[in-house]
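Examination of the molecular architecture
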Amino acid sequence: MADSPSIPAPAAPELAEGSSGSAGLSPAADAWRRLRRNPMAWLSGGFILLLLAAATAAPLFAHYAYDYHDIARYATLPAPPDSHHSLGTDGLGQDVLSRLLYGARVSLGVAVVVVGVEAVVGILLGLVAGYRGGRIDLALMRITDVMFAFPDILLAILLAAVVRSGSQALPAASSFLVLFFALGLVGWPALARLVRGQAMALRDREYVAAARAMGVTDGVILRRHLLPNIMSPIIVQLTQDIAGVVLAEATLSFLGLGVQPPFPSWGRMIDDALVYKETHPLLLLAPALLLALTVMAFNFFGDALRDALDPRLRD
């Protein structure tokens with residue numbers, strides 16, 4: 001009897017390009033894979049890392065202190081770029097490049113502190129309101145609605161102006177405390193509402209009910225069961241809020257209500273350069289361009305994080 005022809009084994013189906021291995025990856029690994037495939041995430045993330053490095057190591061890159069006045073070398077100020085000052089000097093003889101680098105440290109430092117305050121207040125109030133519900137939720141959300149009734153930047157301007165008017169001899173270093181108070185107070189409502197909605201969606205899940213039936217306290221449930229499961233939208237929100245805080249700080253400083261001299265700020269540099277916009281446009285373009293790039297980088301990186309962490313977009 002002739003041997004029957006052997007039937008070849010079916011070839012393994014080829015995975016479509018860009019989706020290889022995604023089905024067997026954990027959510028974190030899959031999010032990292034999609035984040036790496038996003039060119040905007042690379043561009044914006046690279047710019048943010050470069051900015052962080054420049055701000056952290058500002059004394060290494062800046063040849064002059066932010067408050068050094070080089071008025072002996074030039075007969076007229078501001079001065080154009082030369083071998084001593086790469087971007088020239090401003091109207092007070094201060095090195096523009098040095099003030100840009102130290103200004104990045106100020107902007108990012110204010111953003112980190114304010115977003116940290118916003119995270120603590122917004123996450124705490126949102127978790128409590130969403131998990132407990134009832135009168136507690138009603139009271140906390142009415143407070144949030146009152147905060148939403150005022151435009152955030154206008155309320156920050158009002159708060160900063162009130163604090164300054166009440167302290168005529170406020171030292172320059174205290175201007176940071178004014179910024180922390182004003183921007184932190186107006187920044188938490190959006191995050192609180194986001195966290196509340198996520199907590200309400202999770203509070204009746206089986207694992208939460210099981211933990212409650214086992215006698216686990218509410219604090220442990222909030223910390224170990226609810227918070228880890230809503231960190232993705234929180235991270236996205238906080239990343240995009242950094243851009244808003246950087247812009248708000250520059251706005252307040254531009255209006256004279258933010259960082260006070262001699263400390264550098266991109267907003268104050270823009271305000272000081274308006275007088276020279278016709279004769280020395282670089283004084284205006286340098287801080288304005290750096291501010292715009294920073295805000296766009298954090299917004300684009302936040303969008304990339306949202307696309308990577310959204311489970312509905314998994315392929």
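Notes on the structure follow. No experiment lies behind these values; they were computed from the predicted model shown.

**Description of empty space enclosed by the protein**
In total, this model carries 1 cavity of 30 Å³ or more according to the counting rule given. The space that makes up the largest cavity amounts to roughly 30 Å³. Together, F61, A62, H63, Y64, H84, H85, S86, D95, L97 and S98 line the largest cavity. Class assignment of the residues belonging to the lining of the largest cavity gives a composition of 4 nonpolar, 5 polar and 1 charged.

**Looking at the packing of aromatic side chains**
Using the criterion set out here, one finds 3 aromatic pairs in the structure. When the ring of Y66 is compared with that of F263, the centres are 6.0 Å apart and the planes differ by 25°; the resulting orientation is stacked. Separated by 197 residues along the polypeptide, Y66 in the loop between α3 (58–61) and α4 (96–132) and F263 in the loop between α10 (231–254) and α11 (266–273) bring together distant segments of the chain. Owing to a relative accessible area of 21%, Y66 belongs among the partly exposed residues under this scheme. Chaining the aromatic ring pairs together yields one cluster made of Y66, Y102 and F263.

**With respect to the pattern of salt bridges**
When charged atoms on two side chains of opposite charge get close, those side chains can pair. Counted according to the given criterion, the structure contains 5 salt bridges. We note a salt bridge from D145 to R142, for which the minimum N-O separation is 2.7 Å. With D145 and R142 both in helix α5 (residues 134–148), this residue pair falls 3 residues apart, about one helical turn. Overall, D145 belongs to the partly exposed group, its relative accessible area being 29%. A salt bridge links D307 to R306; the shortest N-O distance between them is 3.9 Å. Salt bridges sharing common partners tie together R142, D145 and R193.

Reading the values: rules and limits
- Residues numbered from 1 in each chain as written.
- Predicted model: local features only at pLDDT ≥ 70, side-chain atom pairs only at ≥ 80, totals over all residues.
- Heavy atoms only, no water.
- 1 Å grid on protein atoms, 1.4 Å probe; cavity = no way out; pocket = protein on both sides within 12 Å on 5 of 7 lines; lining within 4 Å.
- Points joined across faces, edges and corners; volume = space filled by probe spheres on them.
- Nonpolar A, V, L, I, M, F, W, Y, C, P; charged D, E, K, R; others polar.
- Phe/Tyr/Trp six-rings, centres within 6.5 Å; stacked < 30°, edge-to-face > 60°.
- Helix = DSSP H or I, 4+ residues; strand = E, 2+ residues; numbered from the N terminus.
- Buried < 20%, exposed > 50% of the residue type's maximum accessible area, 1.4 Å probe, protein only.
- Salt bridge = Lys/Arg side-chain N within 4 Å of Asp/Glu carboxyl O.

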